[in-house]
Each structure stands twice: as structure tokens, then as C-alpha cells.
Amino acid sequence: MAIQQKTNKEIFLNGIFNENPIFRLALSMCPAVAITTNLLNGILMGVSVIFVQICANSTIALLKDYIHPRVRLPIYSLTLATYVTVIDLILSAYFPVAYGALGLFIKLIVVFTFITMRLDVFARKNTVFPTFLDAMGMGLGFLWGMMVIGGVRELLGSGTLLGYDILGFKPMLFFVLPASGFFIIGFMMAIFNYTERIYKEKQSKRRIPA
Amino acid sequence: MKEMIKIVLGLCVTCITAACIMGVTFIFTSDPKKKNEHINFEKNMFNVLGYNENRSIPADLKLYSIFRYIIIQGDNQYLGYAVPVGEKDSSGYDLLQVDTNGNFVDHKHLDIKPEKVMEEGDRTSAIKAAVGGAATVTYADMFFVAKVENKRSAFLLPAETIGFKTTIGFMLALDPLYNVIGVEILEHEEDPGLGAEIEQEYFKNQFQGKSFEKVKSIVVIKQPIPDDYLKFLEKKKWRQGEYSEQEIKAMQQKYQDSDINAITGATISSVALTNGIKVAVKKFVYRVKVLDTIIMNKQIAVAF
């Protein structure tokens with residue numbers, strides 16, 4: 001039982017750090033760069049992704065035995081498109097306020113590479129519960145990535161956070177432009193690689209005296 | 001062979017299931033969705049006229065809707081305007097038939113109840129009946145005339161333009177001299193953080209107060225908005241009494257003849273909306289002048 005729990009935790013944390021979709025796998029860069037001009041956009045996009053990712057992952061994990069491996073990709077696209085359309089319609093009909101904020105983001109989700117990638121790499125080979133955890137981890141990893149990029153860009157580009165004036169001036173207008181997203185992502189990747197190296201060095205040092 | 005059939009069947013079943021799910025959701029959501037759109041449309045109509053929490057709607061504000069149709073009879077093409085007539089609201093609609101050069105052709109009464117006129121199906125069939133059997137009748141667009149104290153106070157026109165990805169729907173308000181009162185974005189699918197900024201006050205409010213002469217030749221310039229103008233444009237952030245009446249007038253005058261400052265990183269969307277507004281205003285003014293001349297010459301008792 002203890003081992004089972006540990007693996008579940010690992011699955012969950014995998015998406016947040018080890019295989020963070022933005023900083024480690026470098027997938028779905030287009031939305032990550034285009035949308036994150038401010039923190040709020042980043043959060044909304046991340047929340048929408050978590051939701052669709054969990055729904056689609058669980059569905060594929062449930063139906064995996066019935067999907068012919070040769071046509072799995074079209075079926076993944078169909079699943080995603082169905083979820084996205086249904087969520088879009090329901091939000092626009094019953095939650096017009098939320099739709100005003102989220103509507104644009106939801107439509108973009110169909111083309112997210114890393115959601116399809118998770119369906120193929122993980123959901124196809126696992127049962128529902130680990131898949132759910134994986135989707136949750138991946139979604140949260142994406143969310144915090146978007147929040148970091150969005151936060152830095154909003155703070156440095158327009159001097160605000162969530163629309164509230166923090167700095168009172170605009171340090172670097174450049175950070176509002178899409179190209180700056182790449183700089184921040186590159187910088188974060190460097191931090192990830194550096195921490196990984198330090199961590200590994202520490203581990204190997206510990207091993208030698210033992 | 002067996003494998004092929006399996007694949008085909010599998011894909012078919014998936015597609016049909018997906019289609020069914022989407023179809024059922026669509027059936028259940030289409031009515032509330034239309035209702036929301038309608039509410040949104042009406043809210044935007046008053047917003048664009050400048051009525052909001054701080055400025056209430058006048059009690060005698062009346063809105064009249066005019067519909068434009070394209071009528072094809074044999075080889076001839078006409079424009080048909082369905083216009084409200086009579087002094088009271090409940091008097092009904094007439095059809096004015098105009099040829100493509102703007103000359104008056106025919107004037108007919110429409111057999112339709114005023115409360116049914118917003119329903120596109122009922123309206124089109126009434127016009128078809130009035131024109132006669134052999135013609136094809138296609139709905140083109142519509143606009144509203146707002147009247148306060150029995151005087152025309154504004155024209156409201158919903159319009160569309162091609163944006164970065166799909167169409168941008170917007171609503172324009174013009175005063176009786178065709179100067180822009182305001183612009184509201186009704187629907188769009190531009191990218192969040194970039195093109196979607198056309199919804200923001202600092203962009204769309206730049207059109208407020210632009211004269212008809214200026215709008216005819218307006219262009220987009222790639223320059224940041226001056227700080228004092230930016231503060232003036234973001235009306236929702238104003239504190240109580242931030243600007244006095246004179247100051248508002250002075251600011252509007254100062255930037256009256258400036259062009260539109262593009263959104264950083266979204267020049268295409270900025271240009272698309274600006275050109276859309278330019279074209280919509282030009283066409284509308286031409287049409288409304290033709291219509292007004294005809295109404296005056298033929299002495300038709302229109303309501304607006």
C-alpha cells in the first residue's frame with residue numbers, strides 16, 4: 001500500500017517538475033508565449049487546460065481497450081474537440097460571465113500538443129486513477145508555468161499584477177511583446193537544468209562515502 | 001480486410017457518438033445562448049449610446065429598427081428598406097423599393113404585426129408577399145434610429161469586419177451629423193492578450209468623438225498613446241469628478257484629429273477594426289442619405 005501511494009505521488013509530481021510541459025518538454029509553446037501577457041490570462045488558460053485535460057485523459061483511460069491503435073490519434077482529436085465544444089456551448093448558455101472571461105481560451109485548447117501527448121503516452125497505458133493524477137499534475141504544471149511567465153511579463157512589461165498597480169511605472173515595454181515569452185521560458189529552462197545538476201551532484205557525493 | 005473493417009467501424013462509431021453528444025448539447029444550449037446574446041446586444045446598444053450606471057436612460061428614448069433587403073426581380077436588382085411608419089409605435093411597417101442608383105421605385109405596405117418584425121422569418125415572408133411571387137428576397141442588414149424628445153439623437157448600426165482569424169462583430173453609434181458617438185465590440189475570436197485588446201477601453205474609446213470627415217480618412221499609426229490621453233480613455237478607472245465637463249470637451253478637442261494608435265503586438269486586429277468602422281460608416285452614410293431624400297421627396301410619414 002505504501003509503495004502504491006508513493007508512485008501515485010510521483011505520478012502527480014512528475015508533471016509539475018520532472019516533465020513540466022512548458023519548461024522541460026517545451027510543448028505548447030505557442031499559447032504559452034502568445035497568451036501570457038498578464039497573470040490573469042495565464043491563470044484562466046491554465047484552469048481551462050486542467051479541466052479539459054482531466055476529462056479527456058479519464059475518457060481515454062476508460063475506453064482504451066476499444067480504441068484501435070492505428071486510428072488512436074484521430075480519436076484523441078475527436079475526444080478533445082467534443083469536450084471543448086460541449087464546454088464552450090454550456091459556458092456560453094448558462095455561465096455568460098465566465099464565458100466572457102474564458103471563451104477565447106477554451107477554443108484554443110483543441111490544438112494543444114501536450115494534452116494529446118499525455119493521452120498517447122500515459123492515458124493509453126494506465127487505469128483511470130493514475131491517469132487522473134497524471135492529468136492533474138500535468139495541468140498544474142502547465143498552470144504554474146503560465147503563472148510564472150504571465151506574472152513576470154506583466155510585472156516587468158506594464159508594472160502591474162492582476163491589474164493592480166505594483167511598481168507605478170513600466171520598466172521594460174519589451175516584455176509585453178510575444179518574443180519576451182521565449183526569453184522567460186529559456187531562463188526558466190536554465191534554472192531547471194541547473195537545479196537538476198546540483199541535485200544530481202549532491203546525490204553522487206552522498207553515495208561515494210557510503 | 002477484417003482489420004480494415006474494424007478500423008472503419010471504430011472510427012464511424014466514435015464520430016457518430018461525438019456528433020450525437022455535440023448535437024444534444026447544442027439543442028439544449030441554443031435557446032439560452034440566443035437569449036444571452038440578445039441581452040448582451042441590448043446592453044451594448046445602451047452602452048454605446050453612453051447610458052450606463054452613472055447616466056440613466058431617458059424615459060422617452062425610442063428605438064426604431066430599419067431593415068435593408070436585397071430584392072432580385074428577373075434581371076433587375078433593387079434594395080428594399082422596411083421602415084416603421086406612422087406616429088404611434090403600433091402602426092406598422094412599409095417597404096420602400098430603391099434601385100441601385102438610389103432612385104425611388106415603389107412604396108408598399110407590409111402586412112406584418114410590429115411585435116413580429118424582429119423575427120427574421122416572418123419579416124422576410126411579409127416582404128416576399130408584398131413584392132410579388134417571382135422575386136428573391138435576401139436580408140442584408142439593419143440599423144436603429146434612436147429618438148429622444150421626438151428628435152433623432154443617434155443612429156445605431158451593428159456591423160461586421162474580418163479580423164485576424166474570424167469576423168469581428170461590433171456596434172457603432174453615430175450622431176445625426178454622422179460623427180462617432182462610440183464603438184462596442186459584440187463578438188470576436190482574436191487571441192487573448194493580443195488582438196483581444198480591441199475590447200479594452202483604451203483602444204475602442206479612441207473612436208469616440210471622431211468627426212465624419214476624420215473617419216473617412218482615418219488610419220492606424222504605430223505609436224504609443226500619450227499618457228494624458230490614455231488616462232482620459234480609460235473611463236472606467238476615473239474617480240468621481242476626475243474630469244469636469246470643460247476638461248472632457250478640451251481633451252476631446254485636443255485629440256479630435258489624431259489617428260488611431262495601434263495595440264502593441266496586434267497591428268492586424270487594430271487595422272481590421274479601424275478599416276471595418278471606416279467602411280461601415282461610409283456605406284451607412286451614403287445609404288441613409290438616399291433613404292432620407294426619398295422619404296422627403298415622397299413625403300412618407302415614417303416614424304423615425
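Source: prediction; values computed, not measured.

### Remarks on the overall build of chain B
Scanning chain B for helices and strands turns up seven helices and 10 strands. On the principal axes, the C-alpha backbone points of chain B span a range of 80 × 55 × 35 Å. A buried classification covers 45% of the 304 residues belonging to chain B. Approximately 16,800 Å² of chain B is accessible, and the part contributed by carbon and sulfur atoms is 54%. In chain B, 37 side chains carry a positive charge and 39 a negative one; their mean positions are 1 Å apart.

### Some remarks on the nonpolar core
All names here are of chain B. In terms of nonpolar packing, the biggest core is built from 55 residues, with V83, F143, L172 and L273 touching the most fellow members. Of the residues forming this core, the biggest block, 11 residues, is contributed by helix α7 (residues 267-298). Counting contributing residues, this core receives three or more from each of domain 1 (62-148) and domain 2 (156-287). Apart from the residues lying within four places of it in its own chain, the contact partners of F143 are Y64, S65, I66, F155, L156, L157, P158, F284, V288 and L291.

### Examining the domain arrangement of chain B
In many reports, interface size means the accessible area that the parts give up when they come together. Residue and element names in this part refer to chain B. Parsing chain B into structural domains produces domain 1 (62-148) and domain 2 (156-287). One C-alpha centre belongs to domain 1, the other to domain 2; they are set 31 Å apart. Taken together, the contact between domain 1 and domain 2 spans nine residues of the former and six residues of the latter. For the pair domain 1 and domain 2, the two sides together bury roughly 600 Å², of which 57% comes from carbon and sulfur. Of all residues in domain 1, the largest losses of buried area upon contact with domain 2 belong to R68, F143 and F144, amounting jointly to 56% of the total for that side. Of the charged contacts, one joins D141 and R287 as a salt bridge, the two residues approaching to 3.5 Å between their closest N and O atoms. Taken together, the connections running from domain 1 to domain 2 amount to two residue pairs in polar contact (both at pLDDT 80 or more).

### So, the packing of aromatic side chains
Given two aromatic rings, one states the distance between the centres and the angle between the planes to describe the pair. Applying the stated criterion across every chain yields a total of 17 aromatic pairs over all chains. Between the aromatic rings of A:F112 and A:F114, the centroid separation amounts to 6.3 Å while the plane-to-plane angle is 45°, which identifies the pairing as tilted. With 6.0 Å between their ring centres and 85° between their planes, B:F203 and B:F207 make a pair best called edge-to-face. The buried category is assigned to B:F203, whose relative accessible area is 0%. Residue classification places B:F207 among the buried residues on the basis of a relative accessible area of 2%. In this structure an aromatic cluster arises from ring pairing among B:F143, B:F155, B:Y178, B:F212 and B:F284. In this arrangement the basic side chain of B:R123 is found over the ring face of B:F67, its NZ or CZ atom lying 3.8 Å from the centre. Lying over the aromatic face of B:Y139, B:R123 brings its terminal NZ or CZ to 4.9 Å of the ring centre.

### Re the pairing of strand β5 (residues 136-148) of chain B
All names here are of chain B. As paired strands, strand β1 (residues 62-73) and β5 are joined by 11 bridges and run antiparallel to one another. Within β5, the residue paired with I66 across the bridge is F143. Looking at chain direction, β5 and strand β6 (residues 151-162) are connected through five bridges and run antiparallel. When the bridges of β6 are listed, A146 appears paired with A154. Between β5 and the antiparallel strand that follows it, β6, lie two residues; E149 among them carries a positive phi value of about 50°.

### Considering the interface of chain B and chain A
Taken together, the 26 residues of chain B in the interface contact 25 residues of chain A. When chain B packs against chain A, close to 2,300 Å² is buried across both sides, 75% of that on carbon and sulfur atoms. Counting the surface chain B buries against chain A, the share from its top three residues, B:I7, B:M22 and B:P192, is 23%. The tally of links from chain B across to chain A stands at one salt bridge. A salt bridge links A:K107 to B:E189, with the nearest nitrogen and oxygen atoms 3.3 Å apart. On inspection of chain B and its partner chain A, the count reaches four residue pairs in polar contact (both at pLDDT 80 or more). Counted by class, the side of chain B that touches chain A contains 12 nonpolar, eight polar and six charged residues.

### Observations regarding helix α2 (residues 120-131) of chain B
All names here are of chain B. When the terminal C-alpha atoms of α2 are compared, their 16 Å separation across 12 residues agrees well with the 16 Å that a helix rising 1.5 Å per residue should span. Burial in α2 covers these residues: R123, T124, A126, I127, A130 and V131. Around the axis of α2, the buried residues are gathered within 160° of arc, so they sit on the same side. In α2, those exposed residues whose orientation departs by more than 90 degrees from the buried face are G121 and A129. Contacts from the buried residues of α2 go to β1, β2 (76-84), β3 (93-99), β4 (104-109) and β5. G132 sits one or two positions beyond α2 and adopts a positive phi of about 115°.

### Examining the side chain of B:D94
Residues and elements named next belong to chain B. Considering the arrangement of structural elements, one finds D94 in strand β3. Within the buried core, D94 has no salt-bridge partner, and the shortest N-O distance to an opposite charge, that of K108, equals 12 Å. Here the side chain of D94 touches H109 through a polar contact of 2.7 Å, side chain to side chain. The residues touching D94, leaving out its near neighbours within four places in the chain, are Y81, A82, V83, V85, H107, K108, H109 and L110.

Cut-offs used in this document
What you see as residue numbers is a count from 1 along each chain, following the sequence as written. Throughout, the order in which chains and ligands are written sets their labels, letters from A for the former and numbers from 1 for the latter. In view of the model being predicted, local features appear only for residues whose pLDDT reaches at least 70, and side-chain atom pairs are presented and counted only at 80 or more, with totals across whole chains, interfaces and linings using the full set of residues. Working from all heavy atoms in the structure, the side-chain values ignore hydrogens and water. Secondary structure counts use DSSP, requiring at least four H or I residues in a row for a helix and at least two E residues in a row for a strand, with both numbered from the N terminus. Relative accessibility under 20% of the residue-type maximum defines a buried residue, over 50% an exposed one, and the middle range a partly exposed one, all with a 1.4 Å probe and only protein chains included. Residue burial considers only the protein chains on display, and all accessible areas are found by Shrake-Rupley using a 1.4 Å probe. Residues scored as positive are Lys and Arg, those scored as negative are Asp and Glu, and His as well as the terminal groups of each chain are ignored. To locate a charge, the coordinates of NZ of Lys, CZ of Arg, CG of Asp or CD of Glu are taken. For our purposes a nonpolar core is just a set of buried Ala, Val, Leu, Ile, Met, Phe, Trp, Tyr and Cys residues, chained together by side-chain atoms within 4.5 Å. In this entry, domain limits derive from an automatic or database-based domain assignment. When checking whether two residues touch, look at their non-hydrogen atoms; a contact exists if any pair is within 4.5 Å. Throughout, buried area stands for the accessible area (probe radius 1.4 Å) lost by two parts on being put together, summed over both. The working definition used for a salt bridge is a side-chain nitrogen of Lys or Arg within 4 Å of a carboxyl oxygen of Asp or Glu. Here a polar contact is recorded for every N or O atom pair within 3.5 Å, except that within protein the pair must consist of a potential hydrogen donor and a potential acceptor, and residues adjacent in sequence are included only if both atoms are side-chain atoms. Aromatic pairs are defined between Phe, Tyr and Trp rings, using the six-membered ring for Trp, whenever the two ring centres lie within 6.5 Å; interplanar angles under 30 degrees are classed as stacked, those over 60 as edge-to-face, and all others as tilted. By definition here, charges over rings are those cases where NZ of Lys or CZ of Arg is within 6 Å of the ring centre and within 35 degrees of the ring normal. Between any two strands, pairing holds if DSSP finds at least two bridges. Each residue is assigned to one of three groups, with Ala, Val, Leu, Ile, Met, Phe, Trp, Tyr, Cys and Pro labelled nonpolar, Asp, Glu, Lys and Arg labelled charged, and all others, Gly among them, labelled polar. By this rule the span expected of a helix is its residue count minus one, scaled by 1.5 Å. Relevant arc is that of directions from the helix axis to the C-beta atoms, nothing else.

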